[in-house]
Structure formats: C-alpha cells, structure tokens
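Listed below are the residues making up each chain.
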Amino acid sequence: MISIGIIYSAIVCALAIYIFIISRQQTRLGQHTSLRDTYIKQIVQFLHSEQPAHLRAGSVRSRLALAEAIYVVMSHTYGNDVEQLRTIAEQNKLAGLLLRRTKRSHGAKRAHILMLLSTIPITDEIITKIERYTHSRDKDVRMSALTAILAAKPSVAIQTIASLEFDLSPFDTTRIIALLRRGLLPIAYEPLLASTNRNLRILGLAIVRSFGIEIAEKRLHKIITTEEDISVINETIYTLASMGRPLGHTKIRERLAAMPAHKRKELCRHLTVEGYSLSAVQSLFTERESVYAESLINSYKRALARTSIS
C-alpha cells in the first residue's frame, strides 16, 4: 500500500516541475518581448534615416521576433518605406520561415503566424500555398490568411473577396479596412456597393462608415429600398446612423418596422450612443422603446455630469 509520505512527495515533485516549466516559459516570453522591442527601435531608426537597411537576425527565435517587430511597426504607422522592410525581410528569409511554422502550427498560433505574413513581402508561390487556409474552419486562421493574401496581391483583392466561401464579419471587415488605411489596398467603394456579391457590399458599407463618406448617402438609400438580404439592409441602416444621417425616410421606417424586437432594441441603443436626440428616436420607435432610449440618454447625461464634477 502506498504511504501518504510517498503521495505527498509525488505531489510536491509534480508542483515543482510545473512551476519550473511555467517559469521557463515566462522567461522565454520576456526575452522574446525584449528582443522584439529592440528590433522595433532599430527598424524605426532605419525608416528615419537614408542609410540602406541591414539587419541580421541569427536564430529562429530572433527571426520570429524580427517578424513580429515588422508587424508592429507596419500596424501602428503609415507611409513607411516598404522597400526598407522588404530588404530586411528578404535578408532574413522571413517569408519561408513563417510558411514552415504555419504548416507545423494550429489554431491561434497558426492565425498569428499568418497575421505576421500580412506585413512580410511574399511570392506568388507562397500565396498559392496559404490560399488553402482561407477555407479553414477556424475563422481566425482563414481571415489571417486572407489578410496576408490581400496585402501581398492587392490587384486581385475584389476577386479574392468575392470568391470567399464565408460571410465577412464586422471584425473581418475591420482588418481589411486596416489594410486600406495603410495604403496597401486601393479599393473604391462605389463598385463594391453596386456589386451583387454580399461580401463586397458589406465591405463597401464598412469603407463608407469608416471614412465617413457622406456623398454615398443616396446610394445607401437605394440599397435599403432594393436589397433583399436583411443583414445587408441592417448594415446599411447602421452605416447611416454611424454618420449621423436622418433616418426618417419612409422605406427606412418600413425596414425598421419589419425588424425583430431584439434588433430594434439594439438599434435603439446604438442611436442613443451615436447622439441622436430623444425626439428623433421617438419618431422611429414605439412608445415603450422610446422610454428605453430616454433612460439610456439620461444615464449618459448623469455619467457626463459626474465626470465634469470630478
């Protein structure tokens, strides 16, 4: 029969091993973060100087930290000298490294590596190899793969998005908009809004909403009048609301009346957040919904009053 002392010793030993493993992981994470931050500083210095880029990372761990550093710089700044970053990536053969790591990883790790590829220049051969990940059941993996492809080959962006086998979510469109803001994806919103493809229309609406393109208002009203896809209609109404446009048109009222109760409540809440007056909300919703909106508006006023006092 096993004694209590042996059991106790085994538990203590297991805990010690666990603590050791966690400690090593934290140490490695700290080293990785420190190395990444060092590379970020060096990359920024290259971008602000006229000297040719020359940055060598030795080990696999160092090259991964360098890839993350490039991603951070590209994601948080605009108007970068892409050729400088291209040179650094090619010097360290980052594209090939990331592709190999993608094959050996899964889930969130694979999505993260594909995300890094969106700021690394990649060849048509690599694009072909990562296209299969756009069919992944993991939504983060497929969206990261799509982002990498769009960044590498913007000329086929519309064709690529139109061929997707899944519907773009709000988070997906946000990531594509980020490419537009970085100047990597020159897409005009008009053809997107006129497209018969749902994903392209949704992206067009996201562009209008993100950049506040008020001259698209007539086109948005046309979508509300003629569209059959309820999700696109709702996105269009939200786009108008996000730009603070009037929502009193007859067709919009009809669409609102056809909304399920919970969707109407969500929109009611959205309008109060966007700063619509109580009278504007009352003209669109039932008395009960208007009372709900009034309570929200008053709560925001109380919060602002407390903030100003403090």
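Since the structure is predicted, the reported quantities are computational estimates derived from the model, not experimental observations. (Residues numbered from 1 in each chain as written. Predicted model: local features only at pLDDT ≥ 70, side-chain atom pairs only at ≥ 80, totals over all residues. Heavy atoms only, no water.)

Caption draft 1: Layout of the overall build of the chain. Each helix and strand counted, the chain has 17 helices and zero strands in total. Buried residues in the chain amount to 42% of all 310 residues. Sequence-distant contacts, at least 24 apart, represent 64% of the contacts inside the chain between residues at least 6 apart. If you sum the accessible surface of the chain, you get close to 17,700 Å²; carbon and sulfur atoms cover 56% of it. (Helix = DSSP H or I, 4+ residues; strand = E, 2+ residues; numbered from the N terminus. Buried < 20%, exposed > 50% of the residue type's maximum accessible area, 1.4 Å probe, protein only. Contact = heavy atoms within 4.5 Å. Areas by Shrake-Rupley, 256 points an atom, 1.4 Å probe, with all protein chains shown as cover.)

Caption draft 2: Region of the structure containing the side chain of Thr160. One can find Thr160 in helix 8 (residues 157-162). For Thr160, a relative accessible area of 16% gives the class buried.

Caption draft 3: Highlighting the environment of Pro191. Checked against the element boundaries, Pro191 lands in helix 10 (residues 189-194). Take Pro191: its relative accessible area is 47%, and that puts it in the partly exposed class. As a C-alpha pair, Pro191 and Ile158 span 33 residues in sequence and 9.7 Å in three-dimensional space.

Caption draft 4: Local environment of the packing of helix 5 (residues 107-117) against helix 7 (residues 139-152). For the pair helix 5 and helix 7, the least separation of the axes is 8 Å and the interaxial angle reads 10°. Considering their axes alone, helix 5 and helix 7 lie roughly parallel with respect to each other. Residues Gly107, Arg110, Ala111, Leu114, Met115 and Leu117 of helix 5 form the contact with helix 7, whose own contacting residues are Asp140, Val141, Ser144, Ala145 and Ala148. Looking at the contact of helix 5 with helix 7, its residues break down into seven nonpolar, two polar and two charged. (Axes fitted to C-alpha atoms, helices over the stretch in contact; angles between N-to-C directions. Parallel < 35°, antiparallel > 145°, perpendicular 65-115°, else oblique. Nonpolar A, V, L, I, M, F, W, Y, C, P; charged D, E, K, R; others polar.)

Caption draft 5: The arrangement of helix 15 (residues 261-273) in detail. A rise of 1.5 Å per residue sets the reference length of helix 15, with its 13 residues, at 18 Å; its end C-alpha atoms lie 19 Å apart and thus fit the reference within 8%. Three or more residues of helix 15 are buried, namely Arg264, Leu267, Cys268, His270, Leu271 and Thr272. Of the residues trailing helix 15, Gly275 is marked for its positive phi of about 90°. (Expected span 1.5 Å × (residues − 1).)

Caption draft 6: How the structure looks around the pattern of salt bridges. The final tally for this structure, using the stated rule, is 11 salt bridges. A salt bridge links Arg245 to Glu217, with the nearest nitrogen and oxygen atoms 2.9 Å apart. You can see Arg245 sitting in the loop between helix 13 (230-242) and helix 14 (250-258) and its partner Glu217 sitting in helix 12 (residues 217-226), a full 28 residues away along the chain. Residue Glu266 is joined to Lys263 by a salt bridge in which the shortest nitrogen-to-oxygen separation is 4.0 Å. Here the residue Glu266 and the residue Lys263 both occupy positions in helix 15, the gap between them amounting to three residues, near one helical turn. What makes Glu266 partly exposed here is its relative accessible area of 32%. When salt bridges that share partners are traced, they join Glu214, Glu217 and Arg245 into one network. (Salt bridge = Lys/Arg side-chain N within 4 Å of Asp/Glu carboxyl O.)

Caption draft 7: Inspection of a positive patch on the surface at higher detail. Side chains of Arg56, Lys93, Arg100, Lys103, Arg104 and Arg132 sit close together on the surface and give a patch of like positive charge. Relative to the helices and strands, Lys103 resides in helix 4 (residues 94-104). (Patch = residues over 30% accessible without salt bridge, like charges linked within 9 Å, V, L, I, M, F, W, Y side chains within 5 Å. Lys, Arg positive; Asp, Glu negative; His and termini not counted. Charge placed at Lys NZ, Arg CZ, Asp CG, Glu CD.)

This is a description of form; function is not addressed.
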